[in-house]
Structure formats: C-alpha cells, structure tokens
Amino acid sequence: MFEDRKMETMTAPAGMELVYRRPSTLVDTPMHYCPGCSHGVVHRLIMEVVEETGIQEKTIGVAPVGCSVFAYNYLDVDMQEAPHGRATAVATGIKRVHPDKIVFTYQGDGDLAAIGTGETIHTVNRGESIVVVFINNAIYGMTGGQMAPTTLLGMVTSTTPFGREQPVMGYPLKITELIAHLPGAYFVTRQAVHTTAHVRKAKKALQAAFEYQGHNKGTCFLEFVSNCPSGWKMTPLEANDWLEKNMLPMYPLGDLKVPGRN
Amino acid sequence: MMAEGAIQAGCAFFAGYPITPATGIFKAMIDELPSRKGLALSAPDEISAIAYCIGASMRGFKSMTATSGPGWALMTESVQYALMTETPLVIALVQRLGPSTGGATQGSQGDVLLAEYCTSGGYTIPILCPTNARECFELTILAFTWAEILRMPVIVLSDKEIAMTTESVDYESLPQMTSQDRPKNSAFVEFGEYDKERKNGTYYFHALHEIPIFSPVGGSRKVTATGSAHDKAGTLQKNSPETIDVLAHLEEKLLWRADDFVAVKQDLDPAAETLVISYGISSRAAQDAVRQSRKSGAKVSMLTIQSLFPVPRKKLRQATEGVKRVIVVEENLRGLYRSVIERYLGPIQVRGVNKIGAMITPAEIRSVIEGAV
Ligand SMILES: Cc1ncc(C[n+]2csc(CCOP(=O)(O)OP(=O)(O)O)c2C)c(N)n1
C-alpha cells in the first residue's frame, strides 16, 4: 500500500555522506506549522520510530482537531480524524477490533485535557493498549491562542488578557500526574523537544512507548511540553527560552510511571 | 456587535469555548463584560459552557453563550434542558460549513434546521437571524427580550461571513434599546387552591399559554427545576395529566403569542409577480439582485426574514398576495428554510437559489428572477 513511497530513497551528492534525512514515513511536503513549533519535531520523531521498527503498515494514527488536524497530510500511516476531544475514544474502537495493530493518538492540551478529559481518563482507566501523544503548549493554538486548562498562572492569552488568575480560572491542570495514578497506565512520561538533548530523550521515550504497546499491558502516555511561538507571541528562540524558564518548573520532565518500576 | 448588543441588553453572564467563527463573541465578552458589571468565563468544553449559563440564568442573571456547528451539537442536550426547565437563555450560533468539523473558515447557512429541530418533540425554538453587523446588535437585544419574556432559549443565528467581516457601524446611531426582564417575584407566589396540597411551589398556570412568574429560589418554599417530565411544582412525574399540560404549555406559550414575535424587512411592490425571500448573509445579495432586476423592469418584491422561527406566517401571507412565484435564496444545498415555508405558500410556484462553498452572488439570483416563470 505504501510501495510508491518506500521506493523513494535519498542519496548524498558524490563525495558526501548522508547524515540526516527525512524518514521515509514522513510525507515529502512542507508542513503548515508556524516556524519553531514543536508539532513538526514530534511528528518527525514518531515517524522515525515507525520507520525504524518497520511498523508503517500496521500503524493507525488518530488525529484530533487542533493545529495538528493536518497531521494525516504528513504522517504516512493510516490516519483517522476524531471529533474534538474524542481521539482516545475513537482509538479504543480501532484497537478493540484490531488488537494486532499499533494505534496512537496525537492530541493537543485543549483536545486532551479540556473537552476530552473524560475520554482521556476513562481510556487510560480501561488500560487500552494504545500510545497517547499529548502536545502541551499551554494554549489553544488552532483557534487563536485562548486559555487552556494547562495555561500557567499569570500567563496572558487572548481570553486571559490580564493573565490567568487562579480565583477565576483555577490552577494549571497537570493531567499527566493524574493519569499516572491510574492502574491502567503502563508507561507515563513527560518530555520536551526544545533542545537537541531533549529531542534525543524524547525519541527514546517514543521508542519505548511503541514497543510497550506490544506488551498489551495498558496505556502508554507521553506528554511533550511544547511551545507555541505564534500563540505566545514570541520568536521561536524566545518561546523555547520561556518554555525552559516557565513551563518546565510547572511541568517537570521525566518518567512518571515505568513498567516494572512503579 | 453581538457582544455589544448583549451587554446593552443587560447580559450579566457569559460562558464560552473557543470555536471559529464564534470565538470573536467569546473574546469580546471576556474583554468587555467584567468591566461592565458582568462575568465572563472560559469553559472546558461547550457542554460546560451552556450549563454554566443555565445555572446563572436560573438564578436570574441574563446569560448567553456562543458557538458554531460542532459545539452546537454538544450543547443541544442542555438547550432541551433549558426549554424544559423554562430557563431564559440566548445562544449565538455562528454557522460554518458542515457537517462535522466541516470548514471552520467557510461560511454556510446549513444549521437552520439543526438549530430549530434540536428538541425531542420538535418544540418551536425562536431563531433570530441578522443580516449585518448592525442587526447583530439589534437582534441580540431582541433575543434577550424574547428569552426573558418567554422563559426559553432563543437562538441568534449568524454565520461566518457576518461574524468575521469587518463592517463599520455608527455607534451614535445605534438605537438605545434595552431588553425586557423576566417578571420576578421577590416573595413566594401564592397559588391558591393548588397550593394547599403541595409542599413545593415553582409556578402555576391555568391556561396553557400563560407564562407564569416563577417563585424565587432561596425563599421559604422549596423551588425545583427538572429536565424530567414534571408537574407545575417542578416535581418529577411520569405522565400525569398535569405533566402533559406542562409539556403542551412549553409550545403553547410561544404559539399563542407568535404574532408578537415577528421580525421581517419588507420591500414589496404591489404589482410584483415574483417574491424573493431570503435571510442572513444571502439576503444581502438577494436585495442587490432585486434592486438591479427592478432597474431592468422586473416586477419583484423582497422579504427578508429575521425571525425564522416561529415562522412569520402572516407576513408570508401578506407578501405573497398576488404573487405568481417565490424564490427562496439560502446558502445550503437543499433549500432548508424553503422546505419549511413551502407548506404555507399554497399553490404558488416555489424555487430555490442554493449553493455551498461560496456566497451566492446577485447575478446568480438575478438570472432566476429574470428567467422564465
Ligand atoms: C466541539 C468543538 N469545539 C470546538 C472546536 C474548535 N477547535 C478546533 S481546534 C481547538 C483546540 C485546539 O487546541 P489544542 O487541542 O490545544 O491543540 P493546538 O491547536 O494547540 O495544537 C478547538 C477548540 C471544534 N472543532 N469542535
């Protein structure tokens, strides 16, 4: 089914060595994401893992609505869009009828931690053997930078013009910590992709998650603390710096639950 | 402009969830309402947004939410709840191309029936439909009046083109309209004979069309609201005669006074053979087309319907007097509103001008007006 694209190979000009290339599992097309956005990096990492483990033909992705609504134009695996917030529910249906397939969802924080909170918790609580990729950029990117449950206190968004105030809008929701408490969660980790070192670690986490899915022991949940330069109204470099200083103290990186350890 | 209208109408509570093309109203309310004696909240989804509003409205605060197709789908459960519990509520529904996620930045008039027929039982829900920014202001105020007087949800049906096009409006010239408030009782209402047998007392009516004043929440007498079938005290019952009365009352209270709940713009030519009917964004192209066709000698009338529901039947009858054919212009595939009004037009020939994916142009309408009858 993917024959045409698999045939395509990249070669280096004579006398040079090819050290970096687009994974064959990523469609050769410009992405629509804003400069510096984390979505593109995470897309690539997932597809590297899919390529390296040779699971392209048995992987099914569920894309949400959100900035990554176009993910199926980029990720060269079978994809299905879900209504806003329902990605893990749709993925449940897919995985139940195709237990042998590798199923993953790819969701923003608005999708996963606001409108889809119920689905998220119940999917993990049932221990569905899927991989959940959770992009936390502390904002609704697609709709123009409104406050999300993950928005930091004091953070200015288009719907918190004076910064998020706890008495009115509550606290930032650390849904990954909540998830880690559920017995259905098999592997829970929080990663970032704003530096090369973080990208390397994030890839390892993704490799583990896709491998663990084969164990059929529960849900693998990966949060990626991400930026949103456009929504935060910053340059990509400023956004990465801001992420490091502000997001990471609230959303500390590391594994929250590892098979065999907790 | 809807946000301005709402605030002028005394809206004190707004809750929303981002969705293109309705986010502008949400954002304007977040920016404006707090400094103008109101409260504007972000909800974690549309189901919560409308439920916050119902809670606030039940306590007497004029409330509003705004959404678009996919969010509306999630809200409909609570719209029915608001109808059943007679909770005043204004919902701005800004149409985009559906079904499903559809086209977020693509205009459409495809939600007319989805909005109207969202209740089990097919109860009439008033729908007001502005054609421009100014009418967004005026009709939102009117929507609050209707919601408060009728004690029911009222929809302001806009669309992407109207919501996301920049138009200039002369603020000075805006009417100083205010919306009416629901009649309130400061103390428990005496229901006479009916009272004696009951512990609870939410309201009482004799004739089905009466709109009773509700007892205040937080008084000496227990007041309850339920989305389940209930009697006049708000107590859950299965199918007692009183429950059936309450259900009939939900429709009767509007239909009995339907003639007072009408908003149309008429541009009639007594000699007209053709009547063009339209609403919302399409009516602007239709009005242009009518103007141009008249210049080239066509005898044609124009009726712009602002109150889509309840269907303004009297106005339809007046406008169709002497007319040989009716052309209904709307931006959807199947002629949704046409299918509703056709039954009131008798033997008159009815045609639709329909299209999706782009606005209907005056030229497209003219070719039908000036084509053979
Ligand atoms: C039921 C419903 N409500 C609202 C929307 C509008 N909408 C589209 S994407 C989105 C949220 C995007 O934010 P997030 O999930 O954080 O992803 P991001 O765009 O930041 O990657 C919303 C609210 C919708 N499509 N459906």
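On a predicted model such as this, the values are computed, not experimentally measured, just so you know.

(A) A look at the overall build of chain B. Each helix and strand counted, chain B has 13 helices and twelve strands in total. Its C-alpha atoms give chain B a radius of gyration of 21 Å, within 12% of the compact-globule value 21 Å for 373 residues. Looking at chain B as a whole, 56% of its 373 residues are labelled buried. A total of about 15,200 Å² of accessible surface is found on chain B, and carbon and sulfur atoms cover 52% of it. Across chain B, the centroid of the 38 positively charged side chains sits 1 Å from that of the 40 negatively charged ones.

(B) Focus on the domain arrangement of chain B. Residues and elements named next belong to chain B. What the domain assignment reports for chain B is domain 1 (2-173) and domain 2 (265-372). When each unit is reduced to the centre of its C-alpha atoms, the spacing between domain 1 and domain 2 is 26 Å. Between domain 1 and domain 2 the total buried area reaches about 1,900 Å² when both faces are included, carbon and sulfur atoms providing 61% of it. Three residues, Gln109, Leu113 and Thr131, lead the burial of domain 1 against domain 2; their summed loss comes to 31% of the area buried on that side. Applying the counting rule to domain 1 against domain 2 returns two salt bridges. Counting every contact that joins domain 1 to domain 2 gives twelve residue pairs in polar contact (both at pLDDT 80 or more). Elements represented by at least two residues in the side of domain 1 that touches domain 2 include exactly α5 (112-116), β5 (127-128), α6 (133-150), β6 (153-159) and α7 (160-164). Taken together, the residues of the side of domain 1 that touches domain 2 sort by class into 14 nonpolar, eight polar and five charged.

(C) Just the packing of aromatic side chains, in detail. Applying the stated criterion to the full structure yields 14 aromatic pairs over all chains. Residues Phe187 of chain A and Tyr212 of chain A carry aromatic rings whose centres are separated by 5.2 Å and whose planes lie at 75° to one another, so their mutual orientation is edge-to-face. Note that Phe187 of chain A is positioned in strand β7 (residues 185-192) and Tyr212 of chain A in helix α9 (residues 196-213), a separation of 25 residues in sequence. Comparing Phe187 of chain A with Tyr212 of chain A shows no difference in burial state: the two are buried. Pairing Trp232 of chain A with Trp242 of chain A gives two aromatic rings, centres 4.8 Å apart and planes at 55°, and the pair type is tilted. On the criterion of sequence distance, the pair formed by Trp232 of chain A in helix α10 (residues 229-232) and Trp242 of chain A in helix α11 (residues 236-250) is long-range, its members being ten residues apart. On the accessibility criterion, Trp242 of chain A (22% relative accessible area) is partly exposed. Taken together, Tyr117, Tyr279, Phe309 and Tyr337 of chain B form an aromatic cluster joined through their ring pairs. One Lys or Arg, Arg151 of chain B, reaches over the ring of Phe214 of chain B and ends 3.6 Å from the middle of that ring. Here the basic side chain of Lys232 of chain B rests over the ring of Phe205 of chain B, its NZ or CZ set 4.4 Å away from the ring centre.

(D) How the structure looks around α9 of chain A. Along its 18 residues, α9 of chain A runs 26 Å from first to last C-alpha, staying within 8% of the 26 Å computed at 1.5 Å per residue. Of the positions making up α9 of chain A, those classed as buried are His198, Ala202, Lys203, Ala205, Leu206, Ala208, Ala209, Phe210, Tyr212 and Gln213 of chain A.

(E) Structural view of the side chain of Arg257 of chain B. Counting through the fold element by element, Arg257 of chain B comes out in the loop between α9 (241-255) and β7 (264-267). One buried charged side chain, Arg257 of chain B, makes no salt bridge at all; its nearest oppositely charged neighbour is Asp260 of chain B, positioned 5.8 Å away.

(F) Up close: the sheet that holds strand β2 (residues 78-81) of chain A. Residues and elements named next belong to chain A. Ordered by their spatial adjacency, seven strands build an open sheet running β2-β1-β3-β4-β8-β7-β9, and the pairing between neighbours is mixed. Two strands in the sheet have a free side with no partner beyond their single neighbour: β2 and β9 (254-257). Within this sheet the neighbouring strands show an average axis-to-axis angle of 20°, counted without direction. Where helix α4 (residues 87-97) meets the sheet, its contacts fall on β1 (59-63), β2, β3 (102-108) and β4 (131-136), and the angle it forms with β3 comes to roughly 175°.

(G) Quick look at the nonpolar core. Ranked by size, the top nonpolar core spans 91 residues in total, and within it Met29, Met64, Leu308 and Tyr337 of chain B carry the most contacts. A per-element tally of this core places α6 of chain B first, with nine residues. Taken domain by domain, the makeup of this core includes at least three residues from each of domain 1 (2-173) and domain 2 (265-372) of chain B. Not counting chain neighbours up to four residues away, the residues in contact with Met29 of chain B comprise Ala3, Ala6, Ile7, Cys11, Phe14, Pro34, Ala40 and Met64 of chain B. Judged by nonpolar contacts, the second largest core, of 35 residues, contains Ile55, Phe104, Val131 and Ala208 of chain A.

(H) Summary view of the sheet that holds strand β4 (residues 89-95) of chain B. Residues and elements named next belong to chain B. The seven strands are arranged β2-β1-β3-β4-β6-β5-β10 in an open sheet whose pairing can be described as mixed. Of all the strands in the sheet, the pair left with one neighbour each is β2 (39-42) and β10 (307-309). Here two bridges tie strand β1 (residues 13-16) to strand β3 (residues 63-67), and the two strands are oriented parallel to one another. Looking at the pairing, Phe14 lines up with Met64 of β3.

Conventions used here
Residues numbered from 1 in each chain as written. Chains lettered and ligands numbered in written order. Predicted model: local features only at pLDDT ≥ 70, side-chain atom pairs only at ≥ 80, totals over all residues. Heavy atoms only, no water. Helix = DSSP H or I, 4+ residues; strand = E, 2+ residues; numbered from the N terminus. Rg over C-alpha atoms; globule rule 2.2 N^0.38 Å. Buried < 20%, exposed > 50% of the residue type's maximum accessible area, 1.4 Å probe, protein only. Areas by Shrake-Rupley, 256 points an atom, 1.4 Å probe, with all protein chains shown as cover. Lys, Arg positive; Asp, Glu negative; His and termini not counted. Charge placed at Lys NZ, Arg CZ, Asp CG, Glu CD. Domains from an automatic or database assignment. Buried area = accessible area lost by both parts, 1.4 Å probe. Salt bridge = Lys/Arg side-chain N within 4 Å of Asp/Glu carboxyl O. Polar contact = N/O pair within 3.5 Å; in protein donor to acceptor, adjacent residues only side chain to side chain. Nonpolar A, V, L, I, M, F, W, Y, C, P; charged D, E, K, R; others polar. Phe/Tyr/Trp six-rings, centres within 6.5 Å; stacked < 30°, edge-to-face > 60°. Lys NZ or Arg CZ within 6 Å of the ring centre and 35° of its normal. Expected span 1.5 Å × (residues − 1). Pairing = 2+ DSSP bridges. Axes fitted to C-alpha atoms, helices over the stretch in contact; angles between N-to-C directions. Contact = heavy atoms within 4.5 Å. Core = buried A, V, L, I, M, F, W, Y, C linked by side-chain atoms within 4.5 Å.

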